[in-house]
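Examination of the molecular architecture
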Amino acid sequence: MTKKPIDLLYGLPFRFIGLVVLLLSLSGCQEFIHNSFDTFTGKIVDVEGKPVADLELILTQDLDFGVAQPPVAKSIIYSIKTTNRGEFRMVVPARTNISFNTEYFLLLSSPVQFELEESGMSVLYRYYSFSTADRAADGTINLGTLKIVRQ
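Just so it is clear, the model here is predicted, and its values are computed rather than measured.

Topic: the sheet that holds strand E7 (residues 103-108)
Picture the strands of a sheet paired through backbone hydrogen bonds; they go either parallel or antiparallel. Pairing within the open sheet is antiparallel, and its four strands lie in the order E5-E2-E7-E10. For this open sheet the edge positions go to strand E5 (78-81) and strand E10 (127-131), each flanked by a neighbour on one side alone. Adjacent strand axes in the sheet meet at a mean angle of 20°, parallel and antiparallel pairs treated alike. Relative to E7, strand E2 (residues 56-60) is paired through four bridges, and the arrangement is antiparallel.

Following this line, the structure appears as structure tokens:
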């Protein structure tokens, strides 16, 4: 007597079947867009509005917000220094709009902080967070001019 395909399926261990189903479902979800890149651009200035040259910036998606310590990048996607004009440009593979993690952090590695405005007040952070939601048609995400304060 020959077994039907469904009988063969029932003979497989449940964990193996679950793994096959999981792999098939994950293959349908893409995290990155094939042959597409996001370009993050911006400019860093000091409190007087002067460009800040050679400032090291770290791009990450995973910050460790430990107690009594500044945030630390758990993994580094990109590390770059600003140009003489305070400008930076980073190119990374583009994530789909349905990716689980489309938020990025721009982390300062030296003793400076970003001066950001929240609810009309000036607030200092060691990182700047943003998402790919503001992506232009050409894949560029312009972070604009970011002000830093030296400690």
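Past the structure itself, the notes keep going.
Quick notes on the confidence of the model for the protein
Considering every residue of the protein, the mean pLDDT works out to 77; 71% of them sit at 70 or more. Scored below 50 in pLDDT, residues 19-35 makes 14 contacts in the model with residues more than four places away or belonging to other chains.

Some remarks on the side chain of Thr-82
Mapped onto the elements of the fold, Thr-82 is located in the loop between E5 and strand E6 (87-95). With relative accessibility at 3%, the residue Thr-82 sits in the buried group. Here the side chain of Thr-82 touches Asp-54 through a polar contact of 3.1 Å, landing on its backbone nitrogen. Setting aside residues no more than four positions away along its own chain, Thr-82 makes contact with Ile-44, Val-52, Ala-53, Asp-54, Leu-55, Leu-57, Glu-87 and Phe-88.

A few points about the pattern of salt bridges
If you walk through the whole model with that rule in mind, you get three salt bridges. Its salt-bridge partner being Glu-87, residue Arg-85 comes within 3.2 Å of it at the nearest N-O pair. With its nearest N and O atoms 3.5 Å apart, the salt bridge here joins Lys-147 to Glu-115. Linking Lys-147 in strand E11 (residues 140-150) with Glu-115 in strand E8 (residues 112-118), this pair joins segments that are 32 residues apart in sequence. Of the residues examined, Lys-147 reaches a relative accessible area of 33% and is grouped as partly exposed.

Examining the pairing of E2
Burial runs high along E2: four of the five residues are buried. Direction of pairing for E2 relative to E5: antiparallel, over a ladder of four bridges. Opposite Glu-56, over in E5, you have Lys-81 as the bridge partner.

Things to note about unusual backbone geometry
Positive phi, close to 60°, is recorded for Asp-54, a residue that is not glycine. As for its placement among the helices and strands, Asp-54 is situated in the loop between strand E1 (32-45) and E2. Even without being glycine, Ser-119 reaches a positive phi, approximately 55°. Along the chain, Ser-119 falls in the loop between E8 and strand E9 (121-125). Using a relative accessible area of 79% as the deciding quantity, one classes Ser-119 as exposed.

Rules and cut-offs
Residues numbered from 1 in each chain as written. Predicted model: local features only at pLDDT ≥ 70, side-chain atom pairs only at ≥ 80, totals over all residues. Heavy atoms only, no water. Pairing = 2+ DSSP bridges. Helix = DSSP H or I, 4+ residues; strand = E, 2+ residues; numbered from the N terminus. Axes fitted to C-alpha atoms, helices over the stretch in contact; angles between N-to-C directions. pLDDT = per-residue confidence, 0-100. Contact = heavy atoms within 4.5 Å. Buried < 20%, exposed > 50% of the residue type's maximum accessible area, 1.4 Å probe, protein only. Polar contact = N/O pair within 3.5 Å; in protein donor to acceptor, adjacent residues only side chain to side chain. Salt bridge = Lys/Arg side-chain N within 4 Å of Asp/Glu carboxyl O.

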